Amino acid sequence: MEFYAPLPHTNALGIESLSRRKSLQAIGAGLAAFYSPLTFTESRIEAAVRSGTAKRVIMIFNCGAPSHHDLWDPKPLADSTVRGEFQPIETNVSGIQVSELLPEMAKRMDKLAIIRSVHHKHSAHNSGMYWSIAGRPYKQDSTLINPSPADLPSFGTLIGWLAKRDGYSKAVPPYVITPKPHCDSFVYLTPGQFGGCLGVKHDPFVVNDDPNSSNFKVRNLTLSEGMTSTRFERRLDIMQQLGSMAQPIHSTTATEMDTFHNEASRVISSGEAGDAFDLSKESDKVRDRYGRHSWGQSHLLARRLIEAGTRFVSTVNGPSITWDTHKDNFNKLKNSLVPPMEKAYAALLDDLDERGLLDETLVIWMGDFGRTPKINNDAGRDHWPGCYSVVLAGGGIKGGQVIGSSDKIGAYPDTRPVTPGDIHATVYWALGYDPSGITFQSVDGRPIPLTEGTPIPELLG
């Protein structure tokens, strides 16, 4: 396991010093505020929240961090040590180009919004993933960290929490991660993806099996063989009677156990969750369309889950930090990483659109951070949080546009710098939630807003 620090002070790439860069960014941000609709009055936020069209979210997360240079933000005019091997291609939106590795996405650019100026400061995988999915920095920039009850929650956790607050009663879990959790090497799990300060009752349902497996089945979601619903209800009645005779235990743990018991009983009794996770109900044609691999079938599972009522599904294009291309970046992207990802991504967008679900389903594509402008001696790119790309579609997102730009080598935002918090705020806004007006409590009881970011109005028109 290797740790790579960001390179903001390095001059080998011909990058301006950090202090000068910050000054230019501050000026740019001020100018952007002058001509862009970035000032949110209270009435504008209220109107935007009322008009939110999204009802659910699917997040495609590329653990390990894909190269923005080689996918969404090509730099054909840069030096050969920066631009890489791939050429840009035209898309179906005039003036917007993407890498030749993304021909299917090029055909669907009218549905996509690319943000090319996302940035943060954590260069280690787990802390970088935390900043991306929780929208705030972790207390230390490290890969060697694990979840704790003090963690701030991801927006998947918070969207599930909001759903339960609003009376969520579907049989399927409100927040699901498939096929594995965000992590580095399956030893260090990414903080922020679980319940954290909201409690374990808001943990996601994590699918730990491969959806592409021939015998894939999520266990314990249906009645066991030979058990009838009548017998199951009778057993629940007996347990309730026995429980009423016992001395009550007043503790958080006991309350959470009761919550788990009640939710598990409801899920198993209905059988609806088991049906939603059952990919055998899909035709071979549909399964082939997504791709017969873990990523493809996870994307298909995400579509089935949001149809059944799940509010947030994170499909982890891993396993672990698969996209960590310090070596042989170009061959890995071309031959093993991008083709299955793009096939599954395109199939998901098309399937949602054909089923009339895309307008109400916000699809996010992101990773931990970006990768270095300069290609290293191993034909790879290293960690780079200074600038990277995030892509959104559906859920009321205005497609066919690019938000922000990176500088000439893709090292830092050149115009319209965007933070992960701004993306979170936009997601909440699209879902109809006031991102700054709704709060949750930290472990020490402090009220914390859903995000400290600012919605990106250009994305939602």
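Figured I'd write up the structure that's included with this text. Keep in mind the model is a prediction, meaning the values are calculated, not measured. (Residues numbered from 1 in each chain as written. Predicted model: local features only at pLDDT ≥ 70, side-chain atom pairs only at ≥ 80, totals over all residues. Heavy atoms only, no water.)

Side note on the overall build of the protein chain
Right, on to step 1. Secondary structure summary: the protein chain contains 14 helices and 18 strands in total.
Right, on to step 2. Within the protein chain, buried positions represent 56% of all 461 residues.
Right, on to step 3. Counting only contacts in the protein chain whose residues sit at least 6 apart along the sequence, the fraction spanning at least 24 positions is 75%. (Helix = DSSP H or I, 4+ residues; strand = E, 2+ residues; numbered from the N terminus. Buried < 20%, exposed > 50% of the residue type's maximum accessible area, 1.4 Å probe, protein only. Contact = heavy atoms within 4.5 Å.)

Regarding empty space enclosed by the protein
Right, on to step 1. This structure, assessed with the given rule, holds one cavity of 30 Å³ or more.
Right, on to step 2. Roughly 40 Å³ of internal volume is contained in the largest cavity.
Right, on to step 3. Lining of the largest cavity is provided by Pro66, Ser67, His68, Trp365, Met366, Gly367, Phe369, Tyr388 and Ser389.
Right, on to step 4. Elements represented by at least two residues in the lining of the largest cavity include exactly β10 (361–367) and β13 (388–393).
Right, on to step 5. Here the element with the most residues in the lining of the largest cavity is β10; it accounts for three residues.
Right, on to step 6. For the lining of the largest cavity, the per-class residue count stands at five nonpolar, four polar and no charged. (1 Å grid on protein atoms, 1.4 Å probe; cavity = no way out; pocket = protein on both sides within 12 Å on 5 of 7 lines; lining within 4 Å. Points joined across faces, edges and corners; volume = space filled by probe spheres on them. Nonpolar A, V, L, I, M, F, W, Y, C, P; charged D, E, K, R; others polar.)

Describing the side chain of His120
Right, on to step 1. With respect to the element layout, His120 can be found in the loop between β4 (112–118) and α5 (125–134).
Right, on to step 2. The class of His120 is buried, set by a relative accessible area of 4%.
Right, on to step 3. Reaching out from His120, the side chain makes a polar contact with the backbone nitrogen of His122 at a distance of 3.1 Å.
Right, on to step 4. Of the polar contacts made by the side chain of His120, one reaches the backbone oxygen of Asp368; its length is 2.8 Å.
Right, on to step 5. Contacts of His120, omitting those with residues within four sequence positions, involve Gly128, Trp131, Ser132, Asp368, Phe369, Pro385, Gly386, Tyr388 and Pro420. (Polar contact = N/O pair within 3.5 Å; in protein donor to acceptor, adjacent residues only side chain to side chain.)

Focus on the state of the cysteines
Right, on to step 1. Scanning the entire structure with this criterion turns up zero disulfides.
Right, on to step 2. Of the cysteine sulfurs around Cys63, a residue in no disulfide, the closest is that of Cys183, at 6.6 Å. (Disulfide = S-S within 2.5 Å.)

A word on the pattern of salt bridges
Right, on to step 1. Under the definition given, this model contains 23 salt bridges.
Right, on to step 2. Note that Lys107 is salt-bridged to Glu104, the shortest N-O span being 3.1 Å. One end of the pair, Lys107, and the other, Glu104, are both in helix α4 (residues 103–107), three residues apart, so they sit about a helical turn from each other.
Right, on to step 3. Within the structure, one salt-bridge network assembled from shared partners comprises Glu282, Arg303, Arg304, Glu307, Asp351 and Arg355. (Salt bridge = Lys/Arg side-chain N within 4 Å of Asp/Glu carboxyl O.)

Focus on the sheet that holds β13
Right, on to step 1. Reading across the sheet, the eight strands line up as β8-β5-β9-β1-β10-β13-β4-β14 and stay open at both edges, with mixed pairing between neighbours. With one partner strand each, in any of the chains shown, β8 (205–206) and β14 (401–403) form the two edges of the open sheet.
Right, on to step 2. Most of the contacts of helix α12 (residues 329–354) go to β10, to which it runs at about 165 degrees, and overall it touches β1 (56–62), β4, β10 and β13.
Right, on to step 3. In the packing of helix α13 (residues 420–431) onto the sheet, contacts are made with β1, β4, β10 and β13, and the angle to β10 comes to roughly 170 degrees. (Pairing = 2+ DSSP bridges. Axes fitted to C-alpha atoms, helices over the stretch in contact; angles between N-to-C directions.)

Quick notes on the side chain of Thr190
Right, on to step 1. Looking at the secondary structure, you find Thr190 in the loop between β7 (188–189) and β8.
Right, on to step 2. Polar contacts involving the side chain of Thr190 include one to the side chain of Asn126, which spans 2.6 Å.
Right, on to step 3. Residue contacts for Thr190: discarding those within four places in its chain leaves Asn126, Met129, Tyr130, Ile133, Pro147, His182 and Cys183.

Description of helix α6 (residues 155–165)
Structurally, the α-helix is built with 3.6 residues per turn, so residues lying three or four positions apart point the same way.
Right, on to step 1. Burial of α6 is extensive: nine of the 11 residues sit out of reach of the surface.
Right, on to step 2. Here α6 has its buried residues at Phe155, Gly156, Thr157, Leu158, Ile159, Gly160, Trp161, Leu162 and Ala163.
Right, on to step 3. Of the residues trailing α6, Gly167 is marked for its positive phi of about 95 degrees.

Observations regarding unusual backbone geometry
Right, on to step 1. Of note, the bond from Thr178 into Pro179 is cis; its omega dihedral lies within 30 degrees of zero at 5 degrees.
Right, on to step 2. As for its placement among the helices and strands, Pro179 is situated in the loop between β5 (175–178) and β6 (183–184).
Right, on to step 3. The residue after Gly318, namely Pro319, is reached through a cis peptide bond having omega 5 degrees.
Right, on to step 4. Here Pro319 shows up in the loop between β9 (312–316) and α12.
Right, on to step 5. A positive phi angle, close to 65 degrees, is found at Ser185, a residue other than glycine.
Right, on to step 6. Within the fold, Ser185 resides in the loop between β6 and β7.

Brief notes about the pairing of β13
Right, on to step 1. For β13, a buried count of six out of six residues is recorded, marking the element as mostly surrounded by other parts of the structure.
Right, on to step 2. With burial as the criterion, each face of β13 is covered, one bearing Tyr388, Val390 and Leu392 and the other bearing Ser389, Val391 and Ala393.
Right, on to step 3. The pairing of β4 with β13 spans five bridges and is classified as antiparallel. Looking across to β13, one finds that Leu112 is bridged to Ala393.

Notes on the packing of aromatic side chains
Right, on to step 1. Per the counting criterion, the structure on display carries nine aromatic pairs.
Right, on to step 2. Members of the aromatic cluster, each reached through a chain of ring pairs, are Phe155, Tyr175 and Phe312. (Phe/Tyr/Trp six-rings, centres within 6.5 Å; stacked < 30°, edge-to-face > 60°.)

What to know about helix α11 (residues 294–308)
Right, on to step 1. End to end, α11 covers 21 Å across 15 residues, agreeing with the expected 21 Å (1.5 Å per residue, within 8%).
Right, on to step 2. With respect to burial, α11 is a largely interior element, 12 of its 15 residues being buried.
Right, on to step 3. When we look at burial in α11, the residues that qualify are Trp295, Gly296, Gln297, Ser298, His299, Leu300, Leu301, Ala302, Arg303, Arg304, Leu305 and Ile306.
Right, on to step 4. Phi turns positive one or two residues past the end of α11, at Gly309, with a value near 125 degrees. (Expected span 1.5 Å × (residues − 1).)

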